[in-house]
Amino acid sequence: MVRTDSIDYPARHENFERWFQSPLGRALLADQRRFCDYELGNLIGARQLQIGVSHRLPLATGTDFVQKIMTTPRWFPHMPEGVAVCDSDELPFPSDSMDLVILHHTPDFSPYPHQVLRESARVLRGEGTIVLLGFNPMSLWGLRRLLSRQHDGPWGGRFMLRRRMEDWLRLLGFSVESSVTRFLRFPVQRSGRHTYRWIDTRLAGNRFLPLGAYYCILAKKRVYGRIPRQPAWRKTKVIAMPGTGTVGASRSCYRNSGGITGAEGQD
């Protein structure tokens, strides 16, 4: 098993970004952009945050948000406005400050994938939406990663199980709204676009055939209001009475060892 601290993640980030310039990488990115535009086109809000391996791979550009922020793990010269340089597991944003968070293969290329989700949940406001895109290990792409000795492009990622990511999101207080796999293409650089386009149109998002190259999970952060507890009724203190009797149900009488006697008939 490869130790996490022995992996050069910055190098894999750079290599993965370059892979998106290949024909297969461009096709994958185009499919992911179509999915995000279709699923997120109706969302509105104040802030949108995309956390990924590079700021040069924007998603959901057609959403109606006042501010759109992207993160990148390393600094580049001449970076545009709205780009923050930070690690994905340590976000420099206040809690409950984002309305939409997009994770573009971020857990796949992070040494701390669970902390990435935890930080995303922290900065997302209640009832906000999170979008998680990751490579599907239960696919031909996952099989190639197992058989490949190289770590170039996507083959240097983790390929984490979709069900595992859903469970992590639920533990963080999310409800999964949608979970599908997409991009049913062979993991090779070859032609045949029309055939692949027909397959993608027919089978993309098929829940009964979850063999797409990557999965897409949409979830909402649920914040449940606390119901104030009713104050416990104060128990009436028992008034100590002389003798062995106890207070009866009527104020005009008391119970003693000899029976019930009216208070007015006492001598």
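These figures come from a predicted structure and were not determined experimentally.

S.K.: Would you mind showing me how to read helix H1 (residues 9–19) here?
M.R.: At 3.6 residues per turn, the α-helix brings residues three or four places apart onto the same side. For H1, the set of buried residues is Tyr9, Arg12, His13, Asn15, Phe16, Glu17 and Trp19. Turning to H1, the residues buried within the fold contact helix H2 (23–40), strand E5 (124–135) and helix H4 (140–147).

S.K.: Hey, could you run me through unusual backbone geometry in this one?
M.R.: A negative phi angle is the norm for most residues apart from glycine, just as the trans form is the norm for most peptide bonds. Here Asp96, not a glycine, exhibits a phi torsion of approximately 55 degrees, which is positive. Structurally, Asp96 is set in the loop between strand E3 (83–85) and strand E4 (98–104). Even without glycine at this site, Phe159 takes up a positive phi of about 55 degrees. Note that Phe159 resides in the loop between H4 and helix H5 (162–171). Judged by relative accessible area, Phe159 falls into the buried class, the value being 6%.

S.K.: For this particular structure, what's the right way to read the sheet that holds strand E1 (residues 44–51)?
M.R.: Within a sheet, adjacent strands bond to each other through the backbone by hydrogen bonds, running parallel or antiparallel. Strand order in this open sheet of 7 strands is E3-E2-E1-E4-E5-E7-E6, and the pairing throughout is mixed. At either margin of the open sheet sits one strand with a lone partner, and together these are E3 and strand E6 (174–182). The mean inter-strand angle of the sheet, taken between neighbouring strand axes irrespective of direction, is 15 degrees. The pairing of strand E2 (residues 64–72) with E3 spans 3 bridges and is parallel. Within E3, the residue paired with Thr71 across the bridge is Ala84. Running at roughly 165 degrees to E6, H5 makes contact with E5, E6 and strand E7 (214–221) of the sheet.

S.K.: Quick question: what am I supposed to make of helix H3 (residues 113–123) here?
M.R.: Those residues of H3 that sit buried are Pro113, Val116, Leu117, Glu119, Ser120, Ala121 and Val123. Next to the buried residues of H3 lie E1, E4, E5, H5, E6 and E7.

S.K.: Help me understand the nonpolar core, please; the structure alone is not making it clear to me.
M.R.: Soluble globular proteins: nonpolar side chains tend toward being buried together. Within the largest apolar cluster, 30 residues are counted, with the highest numbers of intra-cluster contacts made by Leu40, Ile102, Leu133, Phe135, Trp141, Phe183 and Tyr214. At the level of elements, H1, H2, E4, E5 and E7 are the ones that each hand at least two residues to this core. When residues of this core are assigned to their parent elements, the largest contribution, 7 residues, is made by H2. Apart from the residues within four sequence positions on either side, Phe135 is in contact with Phe16, Leu28, His105, Asp108, Phe109, Trp141, Pro154, Phe159, Met160, Ala213, Tyr214 and Tyr215. One finds Cys86, Met165, Phe174 and Ile217 within the second-largest nonpolar core, a separate group that totals 25 residues.

Conventions used here
Every residue gets a number counted from 1 within its own chain, in the order that chain's sequence is written. Side-chain atom pairs in this predicted model are given and counted only at pLDDT of 80 or more, local residue features only at pLDDT of at least 70, and totals for whole chains, interfaces and linings cover all residues. As a rule here, side-chain values cover all heavy atoms of the structure and leave hydrogens and water aside. The buried label applies to any residue whose accessible area, calculated with a 1.4 Å probe on protein chains only, is under 20% of its type's maximum; exposed applies above 50%, and partly exposed to all values in between. Only DSSP runs of H or I covering at least 4 residues are called helices, and only runs of E covering at least 2 are called strands; the numbering of each starts at the N terminus. Whether two residues are in contact is decided by their heavy atoms, any of which lying within 4.5 Å being enough. Being paired, for any two strands, means DSSP has found at least two bridges between them. Angles shown run from 0 to 180 degrees and are taken between the N-to-C directions of axes, each axis being a line fitted to C-alpha atoms and, for helices, limited to the stretch in contact. Grouping buried Ala, Val, Leu, Ile, Met, Phe, Trp, Tyr and Cys residues that are joined through side-chain atoms within 4.5 Å yields what is termed a nonpolar core.

Read these as spatial facts, not as claims about activity.
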